[in-house]
Amino acid sequence: MTYSPRIKAIKPRDAKAFQKAKSGRLELEVELESGPRATILVETPDQVGAQLKKGRTSFSFGRPVLFVRKLDEETVGGAVSAMAEELSGYWLRFYDR
């Protein structure tokens, strides 16, 4: 039997994050029912080009990013839930560094 952590809450650092544009980046705090919390950076794919234009070139050694199609509550929630289910929550533990 595998254990998948259950998500208690997904809270964007910016309270209006899901009301803004459907493209961009945001930070989420994910709280699990068992107590641990993880902070996750979420971006839409178009942000990679924007970051490269700003001179950011350390993607392979930088903070991990969860890419989503659009920044709405349903899409982001589904992506975080998938992270909790995949490999018994390995990805949530990976992002919680």
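Our subject in this report is the structure included herewith. (Residues numbered from 1 in each chain as written. Predicted model: local features only at pLDDT ≥ 70, side-chain atom pairs only at ≥ 80, totals over all residues. Heavy atoms only, no water.)

**As for the overall build of the protein**
Then step 1. When you go through the protein residue by residue, the secondary structure sums to three helices and four strands.
Then step 2. Sequence-ordered secondary structure for the protein, helices as α and strands as β, is β-β-β-α-β-α-α.
Then step 3. In the protein, which comprises 97 residues, the proportion classed as buried is 36%.
Then step 4. Expressed as a percentage of contacts within the protein between residues at least 6 apart in sequence, the contacts between residues at least 24 apart total 48%.
Then step 5. Split by element, the accessible area of the protein, about 6,400 Å² in all, is 53% carbon and sulfur. (Helix = DSSP H or I, 4+ residues; strand = E, 2+ residues; numbered from the N terminus. Buried < 20%, exposed > 50% of the residue type's maximum accessible area, 1.4 Å probe, protein only. Contact = heavy atoms within 4.5 Å. Areas by Shrake-Rupley, 256 points an atom, 1.4 Å probe, with all protein chains shown as cover.)

**Some thoughts on the sheet that holds strand E2 (residues 25-32)**
Then step 1. The four strands lie next to each other as E1-E2-E3-E4, forming an open sheet whose pairing is mixed. Both outer strands of the open sheet, strand E1 (7-12) and strand E4 (65-67), are each paired with one neighbouring strand and no more. Taken over all neighbouring pairs, the strand axes of this sheet differ in orientation by 35° on average, direction set aside.
Then step 2. Two elements, E2 and strand E3 (residues 37-43), share seven bridges in a ladder whose sense is antiparallel. Directly across from Glu31, in E3, lies its bridge partner Arg37.
Then step 3. Strand contacts of helix H2 (residues 73-85): E1, E2, E3 and E4, with the helix running at about 135° to E1, the strand carrying the most contacts. (Pairing = 2+ DSSP bridges. Axes fitted to C-alpha atoms, helices over the stretch in contact; angles between N-to-C directions.)

**Regarding the nonpolar core**
Where a protein is soluble and globular, its nonpolar side chains tend to be buried together.
Then step 1. Counting 15 residues, the largest nonpolar core has Leu26, Leu28, Val42, Leu66, Val68 and Val76 as the members making the most contacts within it.
Then step 2. Looking at this core, the elements with two or more residues in it are E2, E3 and H2.
Then step 3. Here Leu26 is in contact with Pro12, Ala17, Phe18, Ile40, Leu41, Val42 and Leu71, once residues within four sequence places are set aside. (Core = buried A, V, L, I, M, F, W, Y, C linked by side-chain atoms within 4.5 Å.)

**Details of the pattern of salt bridges**
Then step 1. The tally for this structure, following the rule as stated, stands at seven salt bridges.
Then step 2. The salt bridge involving Arg13 is made with Glu27; its shortest N-O contact spans 2.9 Å. With a gap of 14 residues between them, Arg13 in the loop between E1 and E2 and Glu27 in strand E2 connect regions that are remote in the sequence.
Then step 3. Salt-bridge contacts for Arg25 lead to Glu43; the nearest nitrogen and oxygen are separated by 2.7 Å. With Arg25 in strand E2 and Glu43 in strand E3, this pair connects stretches of sequence that are 18 residues apart. (Salt bridge = Lys/Arg side-chain N within 4 Å of Asp/Glu carboxyl O.)

**Things to note about the side chain of Thr44**
Then step 1. Inspection of the secondary structure puts Thr44 in the loop between E3 and helix H1 (46-53).
Then step 2. At 3.3 Å, the side chain of Thr44 and the side chain of Ser23 are in polar contact.
Then step 3. A polar contact is formed between the side chain of Thr44 and the backbone nitrogen of Gly24, at a distance of 3.0 Å.
Then step 4. In contact with Thr44, other than residues within four places in its own chain, are Lys22, Ser23, Gly24, Phe67, Val68, Arg69, Lys70 and Leu71. (Polar contact = N/O pair within 3.5 Å; in protein donor to acceptor, adjacent residues only side chain to side chain.)

**Details of the environment of Glu74**
Then step 1. With respect to the helices and strands, Glu74 occurs in helix H2.
Then step 2. Measuring from C-alpha to C-alpha, the distance between Glu74 and Phe18 comes to 9.5 Å, with 56 residues separating the pair along the chain.

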